[in-house]
Amino acid sequence: MTSDFDVVVERDSAGYYVASVPALHGCHTQARSLDVLMERVQEVVSLCMEEQGTPHESLEFIGVQRIRVAS
């Protein structure tokens, strides 16, 4: 059985790529390159699913919005 997951990829100030899988709580990883990041995402999703099981509710990806908040 296979499952599809949306992955959010960002780059931090040190140049690392950071991936998060919103459907799996606490499912994150990082790497210096996108190729390595995608390998690590596969691994971390498998580990998160072993721990948490398959998500009961499927999330539908809508988009990404950037907002500015005064501090």
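See the structure printed just above.
A quick note: this is a predicted structure, and the numbers were derived from the prediction, not measured.

Side note on the sheet that holds strand β1 (residues 8–11)
Note on sheets: strands pair through backbone hydrogen bonds, and any given pair is parallel or antiparallel.
Part 1: Taking strand neighbours across the sheet as the criterion, the three strands line up as β1-β2-β3 in an open arrangement whose pairing is antiparallel. The open sheet is flanked by β1 and β3 (28–31), the only strands paired with a single partner. Between one strand axis and the next, the sheet turns through 20° on average, direction left out of account.
Part 2: With four bridges connecting them, β1 and strand β2 (residues 17–20) associate as antiparallel partners. Looking at the pairing, Val 8 lines up with Ser 20 of β2.
Part 3: This element, helix α1 (residues 34–52), spans β1, β2 and β3 of the sheet and lies at about 155° to β3.

Description of the packing of aromatic side chains
Part 1: Under the counting rule described, the total for this entry stands at zero aromatic pairs.
Part 2: Seen from the ring of Tyr 16, Arg 32 lies directly overhead, with NZ or CZ sitting 4.4 Å from the centre.

Focus: the state of the cysteines
Part 1: For the coordinates displayed, the defined rule picks out zero disulfides.
Part 2: Just so you know, Cys 27 is unpaired, no disulfide at all, and the nearest cysteine sulfur is the one on Cys 48, 3.1 Å from it.
Part 3: In this structure Cys 27 comes out as buried when scored by relative accessible area, which is 0%.

What to know about the pairing of β2
Part 1: One ladder, built from four bridges, connects β2 with β3; its direction is antiparallel. Paired with Val 18 across the two strands is Gln 30, which belongs to β3.

Considering the nonpolar core
Part 1: Judged by nonpolar contacts, Tyr 17, Ala 19, Val 21, Leu 24, Cys 27, Ala 31, Leu 37, Val 41, Val 44, Val 45 and Cys 48 together constitute the single largest core of eleven residues.
Part 2: Elements with a minimum of two residues in this core: β2 and α1.
Part 3: With five residues, α1 is the single largest residue contributor to this core.
Part 4: Ignoring any residue separated from it by four or fewer positions in sequence, one finds Val 45 in contact with Phe 5, Val 21, Leu 24 and Cys 27.

Cut-offs used in this document
Residues numbered from 1 in each chain as written. Predicted model: local features only at pLDDT ≥ 70, side-chain atom pairs only at ≥ 80, totals over all residues. Heavy atoms only, no water. Pairing = 2+ DSSP bridges. Helix = DSSP H or I, 4+ residues; strand = E, 2+ residues; numbered from the N terminus. Axes fitted to C-alpha atoms, helices over the stretch in contact; angles between N-to-C directions. Contact = heavy atoms within 4.5 Å. Phe/Tyr/Trp six-rings, centres within 6.5 Å; stacked < 30°, edge-to-face > 60°. Lys NZ or Arg CZ within 6 Å of the ring centre and 35° of its normal. Disulfide = S-S within 2.5 Å. Buried < 20%, exposed > 50% of the residue type's maximum accessible area, 1.4 Å probe, protein only. Core = buried A, V, L, I, M, F, W, Y, C linked by side-chain atoms within 4.5 Å.

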